[in-house]
Amino acid sequence: MELYLDTADVSSVKRLHSILPIKGVTTNPSLIAKEKKPLFDILAELQAVIGVDGQLFAQVIANNAQDMIKQAQALTKRFPSLVVKVPVTAQGLIAIKSLTELGITTLGTAVYGAGQGLLSALAGAKYVAPYVNRIDAQSGSGIDVVNELQTLLTLHAPSSMMLAASFRTPRQALDCLLAGCEAITLPVDVAELFISDPAVDAAIDKFENDWKKAFGKLTF
């Protein structure tokens, strides 16, 4: 199972990389724009934090296949191991096919339906990213899409894997993992919810207070 952080905030990645067993970082144009720094500068900083073995993802911003391919080549020229995120549109599918032939690893992103996701896998995308919470927000069922897509990938595109994205709660992420997702990417706030719980804090406080009452200080 692969765990990623979905952010371009270098400080957050530094903080959580030492805590969580993350494989890398996924970004998108909105996350990059939020940082108000050049794309390549941010990617270089993120790579430095996660190390040479950490996996980076960055997305093309062009709307036509030809320019998507050029942008993907520019990204991988600077960061050879980077996975290029390509929206699964008609033009995106053309780009994914061409990039696969060029040996550039891709992720089919902005997936709102199982069929759409399968098409990106058949076109050659290594990763397929359904937008779980965004599907829910449109009165759909993100977990139903995840279940259907996982079955389709297993049956028809086993060389591709789902990287579920767009989470608002830890429960959504856990449901995806239970459905068989091999990878998920978590926003910083959701990742923090996995390791922060008032009930846990209260239990630890009680252990410490009981120990201090008995022995005076927190030592053996």
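Note that the structure is a prediction, hence the values are computed from the model and not measured. (Residues numbered from 1 in each chain as written. Predicted model: local features only at pLDDT ≥ 70, side-chain atom pairs only at ≥ 80, totals over all residues. Heavy atoms only, no water.)

1. A look at the overall build of the protein chain
Inference 1: Secondary structure assignment for the protein chain yields 11 helices and eight strands.
Inference 2: Once the C-alpha set of the protein chain is aligned to its principal axes, its extents read approximately 70 × 40 × 30 Å.
Inference 3: Taken over 220 residues, the protein chain has a buried fraction of 47%.
Inference 4: Considering only contacts within the protein chain whose residues lie at least 6 apart along the sequence, 55% involve residues at least 24 apart.
Inference 5: With the model as given, the accessible surface of the protein chain reaches about 11300 Å², and the carbon-plus-sulfur share is 56%. (Helix = DSSP H or I, 4+ residues; strand = E, 2+ residues; numbered from the N terminus. Buried < 20%, exposed > 50% of the residue type's maximum accessible area, 1.4 Å probe, protein only. Contact = heavy atoms within 4.5 Å. Areas by Shrake-Rupley, 256 points an atom, 1.4 Å probe, with all protein chains shown as cover.)

2. Some points on the sheet that holds strand S3 (residues 55–59)
Inference 1: In space, the eight strands of this closed barrel follow the order S1-S2-S3-S4-S5-S6-S7-S8, with parallel pairing throughout. Sheet twist, expressed as the mean angle between neighbouring strand axes with direction ignored, is 25°.
Inference 2: Where strand S6 (residues 127–130) and strand S7 (residues 161–164) come together, two bridges link them in parallel fashion. Along S7, the bridge assignment pairs Tyr-127 with Met-161.
Inference 3: The strands that helix H3 (residues 39–50) touches are strand S2 (24–26) and S3; relative to S3, the one it contacts most, it runs at about 160°. (Pairing = 2+ DSSP bridges. Axes fitted to C-alpha atoms, helices over the stretch in contact; angles between N-to-C directions.)

3. Side note on the packing of aromatic side chains
Inference 1: Tallied over the entire structure, the rule returns six aromatic pairs.
Inference 2: Aromatic side chains Tyr-4 and Phe-57 sit 5.1 Å apart centroid to centroid with 85° between the ring planes, which places their arrangement in the edge-to-face category. Residue Tyr-4 is found in strand S1 (residues 2–6), and its partner Phe-57 is found in strand S3; the two are separated by 53 residues along the sequence. Across the pair, exposure class does not vary: Tyr-4 and Phe-57 are buried alike.
Inference 3: For the ring pair Phe-57 and Tyr-127, a centre distance of 5.3 Å and an interplane angle of 70° mean the geometry is edge-to-face. (Phe/Tyr/Trp six-rings, centres within 6.5 Å; stacked < 30°, edge-to-face > 60°.)

4. Section: the side chain of Glu-2
Inference 1: Counting through the fold element by element, Glu-2 comes out in strand S1.
Inference 2: The contacts of Glu-2, once residues within four sequence positions are left out, are Lys-23, Tyr-127, Met-161, Glu-182, Ala-183 and Ile-184.

5. Focus: the side chain of Ser-120
Inference 1: Checked against the element boundaries, Ser-120 lands in helix H6 (residues 114–123).
Inference 2: Not counting residues up to four positions away in its chain, the partners in contact with Ser-120 are Val-88, Leu-93, Ile-96, Gly-108, Ala-125 and Val-128.

6. With respect to a nonpolar patch on the surface
Inference 1: Taken together, the side chains of Ile-19, Leu-174, Phe-194 and Ile-195 present a nonpolar region at the surface, about 340 Å² in accessible area.
Inference 2: Positionally, Leu-174 belongs in helix H9 (residues 170–178).
Inference 3: A relative accessible area of 33% means that Leu-174 is categorised as partly exposed. (Patch = residues over 30% accessible without salt bridge, like charges linked within 9 Å, V, L, I, M, F, W, Y side chains within 5 Å. Salt bridge = Lys/Arg side-chain N within 4 Å of Asp/Glu carboxyl O.)

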